[in-house]
Amino acid sequence: MDQGTQYHRDVLYCGLSENASDIVKCKAGDNDCVRDRTTEVFKKFPKGNPAFGLPNISVLSLKNITVAKAKAGSPTQLNFKFLDLTVYGMERAITVNTTGWTKQPKTIEMFSYVDFVKMEGVYETNGKILLLTLNGKGNGVVELINCTVHTKLRFDFEQRNDGKRYAQASKLKAVVTPEKMVIKMENLVNGNKELTDTLNSVLNENWLDIWNELSDGIGKAISLVFKNGLNSVLNELSYDDFYSE
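Asks: So what exactly am I meant to see when it comes to the overall build of the protein chain here?
Replies: Broken down by element type, the protein chain carries four helices and nine strands. Burial statistics for the protein chain: of 245 residues in total, 43% are counted as buried. Considering only contacts in the protein chain between residues 6 or more positions apart, those separated by 24 or more positions represent 68%. Put simply, the protein chain shows about 13,000 Å² of open surface, and 51% of that area lies on carbon and sulfur atoms.

Okay, here's the thing in structure tokens:
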């Protein structure tokens, strides 16, 4: 490691000690401690902390997210994509339970609760759902209320020039289950506001059926948000420094 890189690392760890000195490290294998510290970090740094690579988790942006794709033989033939997407509310996540946090982790699981998640952006859609024909492009909002999130992940490790191991989440899947979903889409039928309003009402009245069609795509978007944020932190902090002795 060159002196410039080492200096950069030293500054990052100094910033971590100054800004997160009251966040106690956990012992390896103490999953309850990791659960509590995870929620604590989210509450303490909702806007992120560059000292240890944590992004602004209250506003997270993604592009070209396919939420639904028409499948041959399916009664629902719907294509739905967010061209750009902003996810709000992940700073509200509370870790309820987690397992697998050892010095040599295999599979890590996390069970979280988020009371409100808002997904907003420019979408485009075409196809049919609930016998309704959709063909439009515009601004759209999906709100998820009282969500449970079950996340499974695996780490890959590399040893860097400082002699320490750094991890990256190579596989991460989040399964999201909301208590309620609210959809607000502009221009669902190109140029017809009255029919668009009617379709929004029908979609919300049948939100659970709609969720069953969109859940995989929305889960992938949430997974990508989690993976990007986690890997940003893991890129800055050595996994060998995660735990107390």
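Asks: What is the right way to read the confidence of the model for the protein chain from this model?
Replies: For any part of a model where pLDDT is low, the fine detail of the predicted coordinates should not be relied upon. Averaged over every residue, the pLDDT of the protein chain is 87; residues scoring 70 or more account for 89%. Residue range residues 1-18 is modelled with pLDDT below 50. Its contacts to residues more than four positions away, or to other chains, number 22 contacts.

Asks: Looking at this structure, I do not really get helix 3 (residues 193-205). What am I missing?
Replies: Compared with the 18 Å implied by 1.5 Å per residue over 13 residues, the 18 Å span of helix 3 between its first and last C-alpha is a close match. When we look at burial in helix 3, the residues that qualify are Thr196, Leu199, Asn200 and Leu203. Buried residues of helix 3, viewed axially, fall in a sector of 105°; they line one side. Residues of helix 3 that are exposed and point more than 90 degrees away from the buried face comprise Glu194 and Glu205.

Asks: Whenever I open this one, unusual backbone geometry confuses me. Can you help?
Replies: Apart from glycine, the bulk of residues carry a negative phi angle, and the bulk of peptide bonds sit in the trans form. One non-glycine residue, asparagine 64, lies in the positive phi region at around 55°. Mapping asparagine 64 onto the fold places it in strand 2 (residues 59-68). Although it is not a glycine, asparagine 187 sits at a positive phi angle of roughly 60°. Secondary-structure assignment places asparagine 187 in the loop between strand 8 (180-185) and helix 3.

Asks: Looking at this structure, I do not really get a positive patch on the surface. What am I missing?
Replies: On the surface, Lys71, Lys106, Lys152, Arg154, Lys171, Lys173 and Lys220 cluster together into a patch of positive charge. Here lysine 173 shows up in strand 7 (residues 165-177).

Asks: What is the right way to read the side chain of threonine 95 from this model?
Replies: Turning to its location among the elements, threonine 95 is positioned in strand 4 (residues 94-99). A relative accessible area of 9% places threonine 95 in the buried class. Once residues within four sequence positions are removed from consideration, threonine 95 is found in contact with Arg35, Thr38, Thr39, Met110, Phe111 and Ser112.

Asks: Please clarify how the nonpolar core should be interpreted in this entry.
Replies: The nonpolar side chains of a soluble globular protein tend to be buried, and buried together. With 40 residues, the main nonpolar core has Phe82, Met119, Leu144 and Ile218 as its most contacted residues. Those elements giving two or more residues to this core turn out to be strand 2, strand 3 (77-88), strand 5 (108-129), strand 6 (132-159), strand 7, strand 8, helix 3 and helix 4 (207-236). With eight residues, helix 4 is the largest single contributor of residues to this core. The contacts of phenylalanine 82, once residues within four sequence positions are left out, are Lys63, Asn64, Ile65, Val67, Gly121, Val122, Tyr123, Gly140, Val142 and Met185.

Asks: Which parts of the structure should I look at to understand the state of the cysteines?
Replies: Throughout this description, disulfide means a covalent bond between two cysteine sulfur atoms. What the rule picks out here adds up to one disulfide. Disulfide pairing is shown between cysteine 26 and cysteine 33; the S-S distance is 2.0 Å. Note on the cysteine 26 and cysteine 33 pair: the S-S dihedral is about -80°, so by sign convention the disulfide is left-handed. Just as cysteine 26 is buried, cysteine 33 falls in that class too.

Asks: What's the story with the packing of aromatic side chains in this structure? I'm lost.
Replies: Given two aromatic rings, one states the distance between the centres and the angle between the planes to describe the pair. The full count for this structure, using the stated rule, is 10 aromatic pairs. Summarising the aromatic geometry, the rings of tyrosine 239 and tyrosine 243 are spaced 5.5 Å apart at their centres and angled 85° between planes, so their arrangement reads as edge-to-face. Like tyrosine 239, the residue tyrosine 243 is buried in the burial classification. Ring pairs connect the aromatic residues Trp101, Phe155, Phe157, Tyr239, Phe242 and Tyr243, which therefore count as one cluster. Above the ring of tyrosine 88, the side-chain terminus of lysine 118 is found at 5.9 Å from the ring centroid. The residue whose ring lies beneath arginine 160 is tyrosine 166, and the NZ or CZ to ring-centre distance is 3.9 Å.

Asks: Which parts of the structure should I look at to understand the environment of serine 61?
Replies: The topology assignment puts serine 61 in strand 2. The class for serine 61 is exposed, based on a relative accessible area of 57%. Sequence separation between serine 61 and valine 225 is 164 residues; the distance between their C-alpha atoms is 8.1 Å. Discounting chain neighbours no more than four positions away, the residues touching serine 61 are Leu85 and Thr86.

Procedures and definitions
Residues numbered from 1 in each chain as written. Predicted model: local features only at pLDDT ≥ 70, side-chain atom pairs only at ≥ 80, totals over all residues. Heavy atoms only, no water. Helix = DSSP H or I, 4+ residues; strand = E, 2+ residues; numbered from the N terminus. Buried < 20%, exposed > 50% of the residue type's maximum accessible area, 1.4 Å probe, protein only. Contact = heavy atoms within 4.5 Å. Areas by Shrake-Rupley, 256 points an atom, 1.4 Å probe, with all protein chains shown as cover. pLDDT = per-residue confidence, 0-100. Expected span 1.5 Å × (residues − 1). Arc of directions from axis to C-beta. Patch = residues over 30% accessible without salt bridge, like charges linked within 9 Å, V, L, I, M, F, W, Y side chains within 5 Å. Salt bridge = Lys/Arg side-chain N within 4 Å of Asp/Glu carboxyl O. Lys, Arg positive; Asp, Glu negative; His and termini not counted. Charge placed at Lys NZ, Arg CZ, Asp CG, Glu CD. Core = buried A, V, L, I, M, F, W, Y, C linked by side-chain atoms within 4.5 Å. Disulfide = S-S within 2.5 Å. Phe/Tyr/Trp six-rings, centres within 6.5 Å; stacked < 30°, edge-to-face > 60°. Lys NZ or Arg CZ within 6 Å of the ring centre and 35° of its normal.

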